[in-house]
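# Observations on the model geometry
Residues per chain are reported as follows:
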Amino acid sequence: MELLKAIPLGALLAGVVALVIGSTGSTGGQLHIHHMAVGSWDVLWSWPLFFVGTGIAWGLMIMQR
């Protein structure tokens, strides 16, 4: 159940950080920020950051159990 709660938090973290770093044209090095098409929108996204953010949020929620 904690994983389902952690996924939106990881997505929020990835979206905000990718927007801040990627808006300058940088790829963020190992974050690998790239443009992703969602329908007719162009979104900045980072899969590594999403997985790390989700893992951290999941770990914090499990520790609070």
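Look a little higher up for the structure.
Read on for a plain summary of the structure. (Residues numbered from 1 in each chain as written. Predicted model: local features only at pLDDT ≥ 70, side-chain atom pairs only at ≥ 80, totals over all residues. Heavy atoms only, no water.)

As a further point, take the packing of aromatic side chains. Tallying each qualifying case throughout the model produces five aromatic pairs. Geometrically, the ring pair formed by W45 and W47 is edge-to-face, given 5.6 Å between the ring centres and 80° between the ring planes. Residue class for W45 comes out buried when judged on its relative accessible area of 11%. A relative accessible area of 40% places W47 in the partly exposed class. Ring geometry for W47 and F50: centres 5.7 Å apart, planes at 85°, overall edge-to-face. You can see W47 and its partner F50 sitting in helix α2 (residues 47-63), three residues apart, about one turn around the helix. (Phe/Tyr/Trp six-rings, centres within 6.5 Å; stacked < 30°, edge-to-face > 60°. Buried < 20%, exposed > 50% of the residue type's maximum accessible area, 1.4 Å probe, protein only. Helix = DSSP H or I, 4+ residues; strand = E, 2+ residues; numbered from the N terminus.)

Bringing helix α1 (residues 2-22) into the picture now. Between the first and last C-alpha of α1 there are 29 Å, a value that for 21 residues agrees with the 30 Å anticipated at 1.5 Å per step. Within α1, the full set of buried residues consists of E2, A6, G10, A14, A18 and G22. Angularly, the buried residues of α1 cover 115° about the axis, an arc narrow enough to put them on a single face. Turned more than 90 degrees off the buried face of α1, the exposed positions are L4, L12, L19 and V20. Lining the buried residues of α1 we find β2 (41-45) and α2. (Expected span 1.5 Å × (residues − 1). Arc of directions from axis to C-beta. Contact = heavy atoms within 4.5 Å.)

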